[in-house]
Amino acid sequence: MSVHKFEDTRWAKDDQKICFRHEAALGMIERGNVLDLGSGDGLFLSLLKQKGIEGEGLDISKKGIAKTRAKGLTASLFDFNEPIPFADNTFDTVVMLDVLEHLYAPDKLLRESVRVSASHVIVGVPNFSSLPARLHVLFGAVPENNHPHKGHIYWFNHAILLSMLSASGLVVDVMRVNTFLERVPVLSHLMRFLARAWPNLFALSFVAKARKA
């Protein structure tokens, strides 16, 4: 199955639900124009619009683009293996939420996002080295992030993300993480502390806001 068909099938049957990555990224943007790379069905663009922030999206899925435009939002079809079709410094912020792990060469898209950003890049990726994932492997199960329906190709953890951001000329200003059991009243503060202290082990995903060096 081609990537285009895979993504079209996904967006034809599913709609995004607001989750940690959307809330974290939204809290990192106060003003300016935004490019949402991998805009899907336009959920994040809708959240930006509600906040009074202008944005537009690029996505590989025709189904996703159609859903986005049906909401009155701006989005265009884009092959992530190609250069981003905008001039240098066009957008104040470029956002990629759960996009880079779907690419064979995520560093190339990241460098392109730096080029078209005038200020910041926000990246969200799942943690493939989390404790739950390690336990699944230990007991012979496939971790959730490795299931075929996820379409994940490139595996990230905290160290890999920081290294790739630095190599792309970015300096991290803010890093948000979520973790397991953080909604359990007795354990919530402990789990959040552990996720900040040892993110490679206790974080489930990362959202980083990084500025151009």
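Note that the structure is predicted; figures quoted are calculated from it, not measured.

1. Considering the packing of helix α1 (residues 3-13) against helix α4 (residues 62-70)
Following both chains from N to C, one finds α1 and α4 inclined at 40 degrees, their axes separated by 7 Å at the closest point. If you check the angle between α1 and α4, you find them oblique. Residues Asp8, Trp11 and Ala12 of α1 pack against Lys62, Lys63, Gly64 and Lys67 of α4.

2. Thoughts on the layout of surface pockets
Reported here for the second largest pocket is a volume of approximately 170 Å³. Considering the residues around the second largest pocket, the lining is formed by Cys19, Phe20, Glu23, Arg176, Val177, Asn178, Glu182, Arg183 and Arg192. For the lining of the second largest pocket, the elements supplying multiple residues, two or more each, are α2 (20-27) and β6 (170-179). It is β6 that provides the largest number of residues to the lining of the second largest pocket, a total of three residues. Among the residues forming the lining of the second largest pocket, the class breakdown is three nonpolar, one polar and five charged.

3. Observations regarding the side chain of Glu182
As for its placement among the helices and strands, Glu182 is situated in the loop between β6 and α8 (188-197). For Glu182, a relative accessible area of 16% puts it in the buried group. Sequence-distant contacts of Glu182, defined by excluding residues within four places in its chain, comprise Ser188 and Arg192.

4. Overview of unusual backbone geometry
Peptide bonds are, in most cases, trans, and in most cases residues other than glycine have a negative phi. Despite not being glycine, Asn89 shows a phi value in the positive range, around 60 degrees. Note that Asn89 resides in the loop between β3 (74-77) and β4 (91-97). Residue class for Asn89 comes out partly exposed when judged on its relative accessible area of 44%. The phi dihedral of Leu181 falls on the positive side, at around 65 degrees, and the residue is not glycine. In this fold, Leu181 is placed in the loop between β6 and α8.

5. Comments concerning the environment of Val34
Inspection of the secondary structure assignment puts Val34 in strand β1 (residues 34-37). When the C-alpha positions of Val34 and Ile53 are compared, they lie 7.7 Å apart, and in sequence the two are 19 residues distant. Setting aside its immediate chain neighbours within four residues, Val34 contacts Ile29, Leu48, Ile53, Glu54, Gly55, Glu56, Phe91, Thr93 and Val95.

6. Comments concerning the sheet that holds β4
Strand order in the open sheet formed by seven strands is β3-β2-β1-β4-β5-β7-β6, and the pairing between neighbours is mixed. In this open sheet, the two edge strands, each paired with only one partner strand, are β3 and β6. Taken pair by pair, the neighbouring strands of this sheet meet at an average axis angle of 15 degrees, ignoring direction. Where β6 meets strand β7 (residues 203-212), nine bridges bridge the pair, whose relative direction is antiparallel. Residue pairing for β7: Asn178 is matched across the bridge by Ser205. Contacts from α4 reach β2 (55-59) and β3, with the element oriented near 165 degrees to β3.

7. Section: the side chain of Ser205
One can find Ser205 in strand β7. Judged by relative accessible area, which is 14%, Ser205 ranks as buried. Of note is the side chain of Ser205, whose polar atom sits 2.5 Å from the side chain of Asn178.

8. Structural notes on the pattern of salt bridges
All chains considered together, the criterion is met by ten salt bridges. Where Arg115 meets Glu112, a salt bridge forms, and the shortest distance between an N and an O atom there is 2.9 Å. Taken as a pair, Arg115 and Glu112 lie in helix α5 (residues 106-116) at a separation of three residues, close to a single helical turn. One network of salt bridges, with partners in common, ties together Asp88, Glu112 and Arg115.

9. Observations concerning a nonpolar patch on the surface
A cluster of nonpolar side chains, namely Leu181, Val184, Val186, Leu187, Leu190, Phe193 and Trp198, defines an oily patch on the protein surface of about 680 Å² accessible area. Owing to a relative accessible area of 44%, Leu181 belongs among the partly exposed residues under this scheme.

10. A closer look at the environment of Thr9
Tracing the sequence through the fold places Thr9 in helix α1. Classification of Thr9 as partly exposed rests on a relative accessible area of 36%. Between the alpha carbons of Thr9 and Gly64 there is a distance of 9.7 Å; along the sequence they are 55 residues apart.

Rules of the game
Residues numbered from 1 in each chain as written. Predicted model: local features only at pLDDT ≥ 70, side-chain atom pairs only at ≥ 80, totals over all residues. Heavy atoms only, no water. Axes fitted to C-alpha atoms, helices over the stretch in contact; angles between N-to-C directions. Helix = DSSP H or I, 4+ residues; strand = E, 2+ residues; numbered from the N terminus. Parallel < 35°, antiparallel > 145°, perpendicular 65-115°, else oblique. Contact = heavy atoms within 4.5 Å. 1 Å grid on protein atoms, 1.4 Å probe; cavity = no way out; pocket = protein on both sides within 12 Å on 5 of 7 lines; lining within 4 Å. Points joined across faces, edges and corners; volume = space filled by probe spheres on them. Nonpolar A, V, L, I, M, F, W, Y, C, P; charged D, E, K, R; others polar. Buried < 20%, exposed > 50% of the residue type's maximum accessible area, 1.4 Å probe, protein only. Pairing = 2+ DSSP bridges. Polar contact = N/O pair within 3.5 Å; in protein donor to acceptor, adjacent residues only side chain to side chain. Salt bridge = Lys/Arg side-chain N within 4 Å of Asp/Glu carboxyl O. Patch = residues over 30% accessible without salt bridge, like charges linked within 9 Å, V, L, I, M, F, W, Y side chains within 5 Å. Areas by Shrake-Rupley, 256 points an atom, 1.4 Å probe, with all protein chains shown as cover.

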